[in-house]
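Letter by letter, the chains look like this.
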Amino acid sequence: MSNDYLELRKAASRTTKFAREQARGQASAVTDALFSPVGGADLLGSLPVTAYAGSEGISMTAPRKTQVDAMAAPNFVLNELRTPANAPFVAGPRMLARAGSSFVENIPTQLDNFYSGNPLKKATGMLKGTAQATGAAASELLSPLTMATRREVGTGPVRTREFDVAKGAEGKTNVGSIREGNIKASAALRSQATGEGVGQGDSLIDAFPMLKRDAVEVGRLENPSDVKKALTADNPDLPEDVVNRATNHLLESQGRKGQLVTRNRATSGTSLGPEAIGQATTSAVGLRTLYNPERMKSWYNAVGDNPSTEQWKEMLGLFSAFERDFLLQNKKVFDDMPSSTIWDTYWQAKKNQKTGRKLGKKQQDTVQTIEKQMKKQTGLRRYLSKVIPNALMKPSGPSVVREMNGKLVLQQSFASATKDLGGMNAFIVVDPKKGEFYSMLSDGHDLMGATPVGYEDLVNVLPIQKYKIGGGKEAGGARPKAELEASTKVFEDTSELERRSRIPKRKGESSTAYQRRVMRDFRGTPTAKEDLEALMNTGMAASAGGMLTRREEER
């Protein structure tokens, strides 16, 4: 091993005087202990040896006489092995832990084509998001400022940029739903990592009004009183059997341990309230049907004004044929007809069959396609439908409808417009006798379909809503005026965010603009520990870089 290699390698070593002096300014005592070989440097001493080397690598020139230290190489190896900062059990796990948490907190909320129904496009969008997070995590390892900013803000630079300039799938900027989802998902991830309740930590995101107006209560799934309080928050006088069935459904579908975050139905920042009663276009198809007076009228015209329990069950079971994946698979039949038109066409055709009238071509195709969907799969197709994505092969058969004390119970999945939630579960109870339906929306907060390792589970729930079947807008809507005004006051109160960020709100500045500016301009203050950690990581990176450079030169 030549001296020039040793100098190159030692320049990247933590055992050199230069490395120790650079770190000593922040924490000299700790630095000396971490960066100095245990027992002292160069334990093997030195052994000068005469050697001959070619002049500047030109083989034809006469060799020149020089002197090298034969103990330099073994001393260097021993020094590196005895330096605490180099120990794999110190440096390796520390770097991996930081990189892992940074990666999680830098995955964007908006993953392109995640709910497109196309597996290839979805995978491409996920790959793009993970690449962004990986780059941010690698950069943070070498930057104490980035470490400090993520620690104090509560999320990483990729997500802070997304909050400031949200972009939709078409490239449109300032998309409010993405910004709303971003801050809530950021707070949820930090809460899942620390165990502190959403909005109850000391990071900046916990003080953002955009979060505080929506996450109104935090409890525990393990605590029955917390669950009941969450489910009945908007309607305290619900039937006991509805509350009990909703409780069991929530715990069975979302888990029995972890945080339970109650969401606000009245906030203008999300569509959860309208989605829960079927008022929003993004609601589950069953809720949209039960809410809409025209859709219910189509059914009543076909079956009469006093449907039997079996007729109700048949109608509710039909919802599976109007979910997006099924309609996409049968685009040749339905063309670009909206689901509402398909629904009306189907029931008009059923009425025509009942009265002996001839069906038109579109009616025939509609009835045949939907009734084929209603047949349960058997054999190989039944098995394949469980493992192949719904976008490619949706399981056939009616939605499962169960009876409960004269009421009918079912569930559906749908893609919510609320970006931090995405795919949600809708629990639905229909009471034909009273002409009412009840709904509860829930979603386990995860990252691309899974809770990160080491993070606790967290479930978002919108309390049980009660609405008149076929009531439409006339029945009152999803956002009571008093509740909407209260949530607006919370959104306008930026005092706590100003205190934590030390960035005052400007005169005439809107709450949204102020929150964007804080997320964009805030910089954390590195601690001595973060300065030292970045320096140690830089040394490891330089060491690896020096080795790779030398190997490349030797080739």
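By convention here, each chain's residues receive numbers from 1 onward along its written sequence. With the structure being a predicted model, the display of local features is reserved for residues of pLDDT at least 70 and the display and counting of side-chain atom pairs for 80 or more, all residues being used for whole-chain, interface and lining totals. Here the side-chain values reflect all heavy atoms present in the structure, with hydrogen atoms and water set aside.

**Section: the overall build of the protein**
1) Next: Looking only at helices and strands, the protein features 24 helices and nine strands.
2) Next: Counting only residues that meet the buried cut, the protein has 46% of its 555 residues in that class.
3) Next: Intrachain contacts of the protein at a sequence separation of at least 6 include 67% that bridge at least 24 residues.
4) Next: All accessible areas in this document rest on Shrake-Rupley with a 1.4 Å probe, and a residue is counted as covered only by the protein chains that are shown. About 27,600 Å² of surface is accessible on the protein, with carbon and sulfur atoms providing 53% of the total. A run of DSSP states H or I qualifies as a helix once it reaches four residues; a run of E qualifies as a strand once it reaches two. Both are numbered from the N-terminal end. Under the scheme applied here, a residue whose accessible area is under 20% of the maximum for its type counts as buried, over 50% as exposed, and between as partly exposed, the area being computed with a 1.4 Å probe on protein chains only. Here a residue-residue contact requires only that any non-hydrogen atoms of the pair lie within 4.5 Å.

**Notes on the environment of Asn264**
1) Next: With respect to the helices, strands and loops of the structure, Asn264 is situated in the loop between strand S4 (259-263) and helix H12 (272-277).
2) Next: Using a relative accessible area of 11% as the deciding quantity, one classes Asn264 as buried.
3) Next: When the C-alpha atoms of Asn264 and Glu483 are compared, they prove to be 8.9 Å apart, with 219 residues separating the residues in sequence.
4) Next: Setting aside chain neighbours within four positions, we find Asn264 in contact with Arg213, Asp214, Val216, Thr270, Leu462 and Ser487.
5) Next: A 3.5 Å cut-off defines polar contacts: any pair of N or O atoms within that distance qualifies, except that in protein one atom must be a possible hydrogen donor and the other a possible acceptor, and neighbouring residues in sequence count only when both atoms are side-chain atoms. Within the structure, Asn264 has its side chain in polar contact with the backbone nitrogen of Ala266 (distance 2.9 Å).

**With respect to helix H15 (residues 309-317)**
Because an α-helix completes one turn every 3.6 residues, residues spaced three or four positions apart along the sequence face the same direction.
1) Next: Taken together, the buried positions of H15 are occupied by Trp312, Met315, Leu316 and Gly317.
2) Next: Of the surrounding elements, those touching the buried residues of H15 are helix H13 (285-291), helix H14 (293-303), helix H18 (339-355), helix H19 (361-374), strand S6 (407-415) and strand S7 (423-431).

**Details of the confidence of the model for the protein**
1) Next: Per residue, pLDDT measures the predictor's confidence, with a range of 0 to 100. In this model, the protein carries an average pLDDT of 83, and 78% of its residues clear a pLDDT of 70 or more.
2) Next: Note that residues 53-63 has pLDDT below 50 and, in this model, seven contacts with residues that lie over four places away or in other chains.
3) Next: Taken together, the stretch residues 546-555 has pLDDT below 50 and engages in seven contacts with residues farther than four places along the chain or on a different chain.

**Focus: the packing of H14 against H18**
When two helices pack together, their arrangement is captured by the angle between the axes and the distance separating the axes.
1) Next: An axis is simply a line fitted to the C-alpha atoms; with a helix, the fit covers only the stretch in contact. Between two such axes, the angle follows the N-to-C directions and lies from 0 to 180 degrees. Two elements in contact, H14 and H18, have axes separated by 8 Å at closest approach and are oriented at 10°. As judged from the angle between their axes, H14 and H18 are roughly parallel. Where H14 approaches H18, its residues Glu294, Arg295, Ser298, Trp299, Asn301, Ala302 and Val303 are matched on the opposing element by Ser340, Trp343, Asp344, Trp347, Lys351 and Lys354.
2) Next: When grouped by side-chain class, the residues that make up the contact of H14 with H18 number five nonpolar, three polar and five charged. Here the word oblique covers every angle except those under 35 degrees (roughly parallel), over 145 (roughly antiparallel) and from 65 to 115 (roughly perpendicular). Each residue receives one of three labels: charged for Asp, Glu, Lys and Arg, nonpolar for Ala, Val, Leu, Ile, Met, Phe, Trp, Tyr, Cys and Pro, and polar for the others, Gly being one of them.

**With respect to helix H5 (residues 119-140)**
1) Next: Here the expected length of a helix is defined as 1.5 Å per residue gap, with one fewer gap than residues. The terminal C-alpha atoms of H5 lie 32 Å apart, and with 22 residues this matches the ideal 32 Å at 1.5 Å per residue to within 8%.
2) Next: For H5, every residue scored as buried is listed here: Gly125, Gly129, Thr130, Ala133, Ala136, Ala137 and Glu140. Viewed end-on, H5 has its buried residues packed into an arc of 130°, placing them on one side of the element. Exposed residues pointing more than 90 degrees away from the buried face of H5 are listed as Leu120, Thr124 and Leu127. Think of the arc as the fan of directions from the helix axis to the C-beta atoms.

**Section: the sheet that holds strand S9 (residues 458-468)**
1) Next: Should DSSP find at least two bridges between two strands, the strands are regarded as paired. An order of S3-S4-S9-S8-S7-S6-S5 is seen for the seven strands of this open sheet, with the pairing classed as mixed. Each of the sheet's edge strands pairs with one partner strand only, and the pair in question is strand S3 (215-220) and strand S5 (402-404). Averaged over all pairs of adjacent strands, the angle between their axes in this sheet comes to 25°, without regard to strand direction.
2) Next: Across eight bridges, S6 lies against S7 in antiparallel orientation. Across the sheet, the residue bridging to Ala415 is Gly423, located in S7.

**Description of the packing of aromatic side chains**
1) Next: Stacked, tilted and edge-to-face are the three classes applied to pairs of Phe, Tyr and Trp rings, where Trp contributes its six-membered ring and a pair requires centres within 6.5 Å; stacked means planes under 30 degrees apart, edge-to-face means over 60, and tilted covers the rest. Counting across every chain of the model gives 10 aromatic pairs.
2) Next: Each ring, one from Trp343 and one from Trp347, has its centre 5.9 Å from the other, and the planes form 65°; the classification is edge-to-face. On the criterion of helical spacing, the pair formed by Trp343 and Trp347 is a turn pair, its members being four residues apart in helix H18. One exposure class covers both Trp343 and Trp347, and it is buried.
3) Next: Each residue in the set Phe319, Phe322, Trp343, Tyr346 and Trp347 is aromatic and connected to the rest through ring pairs, giving one cluster.
4) Next: Criterion for a charge above a ring: Lys NZ or Arg CZ within 6 Å of the ring centre, and within 35 degrees of the ring normal. Here the basic side chain of Arg213 rests over the ring of Phe491, its NZ or CZ set 4.0 Å away from the ring centre.

**Quick word on unusual backbone geometry**
1) Next: The backbone of Asp335 shows a phi angle near 55°, a positive value even though the residue is not glycine.
2) Next: With respect to the helices and strands, Asp335 occurs in the loop between helix H17 (331-334) and H18.

**Digging into the nonpolar core**
The nonpolar side chains of a soluble globular protein tend to be buried, and buried together.
1) Next: For the purposes of this section, nonpolar cores are sets of buried Ala, Val, Leu, Ile, Met, Phe, Trp, Tyr and Cys residues that join through side-chain atoms within 4.5 Å. One finds Met315, Leu316, Trp347, Val430 and Leu441 to be the most contacted residues of the largest nonpolar core, which totals 47 residues.
2) Next: Look past the residues within four positions of Met315 in its chain and what remains in contact with it is Met296, Trp299, Trp343 and Trp347.
3) Next: Ile183, Phe491, Leu497 and Val518 belong to the second-largest nonpolar core, a separate cluster that totals 22 residues.

**Some words on the pattern of salt bridges**
1) Next: Here a salt bridge means any side-chain nitrogen of Lys or Arg lying within 4 Å of a carboxyl oxygen belonging to Asp or Glu. Tallied over the full model, the rule gives 31 salt bridges.
2) Next: For Glu140, the salt bridge is made with Arg98, and the minimal N-O distance between the two is 2.7 Å. Taken as a pair, Glu140 in helix H5 and Arg98 in helix H4 (residues 88-104) lie far apart in primary sequence, 42 residues in all. Each member of the pair, Glu140 as well as Arg98, is classed as buried.
3) Next: Across the pair Glu222 and Arg220 runs a salt bridge whose closest N-O atoms are separated by 3.1 Å.
4) Next: Looking at Glu222, the relative accessible area reads 40%, which means it is partly exposed.
5) Next: Of the residues examined, Arg220 reaches a relative accessible area of 27% and is grouped as partly exposed.
6) Next: One connected set of salt bridges, linked through shared partners, spans Arg98, Glu105, Glu140, Arg150, Arg190 and Glu533.

**A closer look at empty space enclosed by the protein**
1) Next: Buriedness for pockets is judged along seven lines, at least five of which must meet protein on both sides within 12 Å for an open set on the 1 Å grid over protein atoms alone, while cavities are sets there where a 1.4 Å probe fits but cannot get out, and lining residues have an atom within 4 Å of a point. Grid points are joined across faces, edges and corners, and a volume is the space filled by probe spheres set on the points. A full pass over the atoms with the stated rule returns one cavity of 30 Å³ or more.
2) Next: As a volume, the largest cavity reaches approximately 60 Å³.
3) Next: Lining of the largest cavity is provided by Lys184, Ala188, Val198, Leu211, Ala215, Val261, Arg263, Asp420, His445, Leu458 and Asn460.
4) Next: Taken together, the residues of the lining of the largest cavity sort by class into six nonpolar, two polar and three charged.

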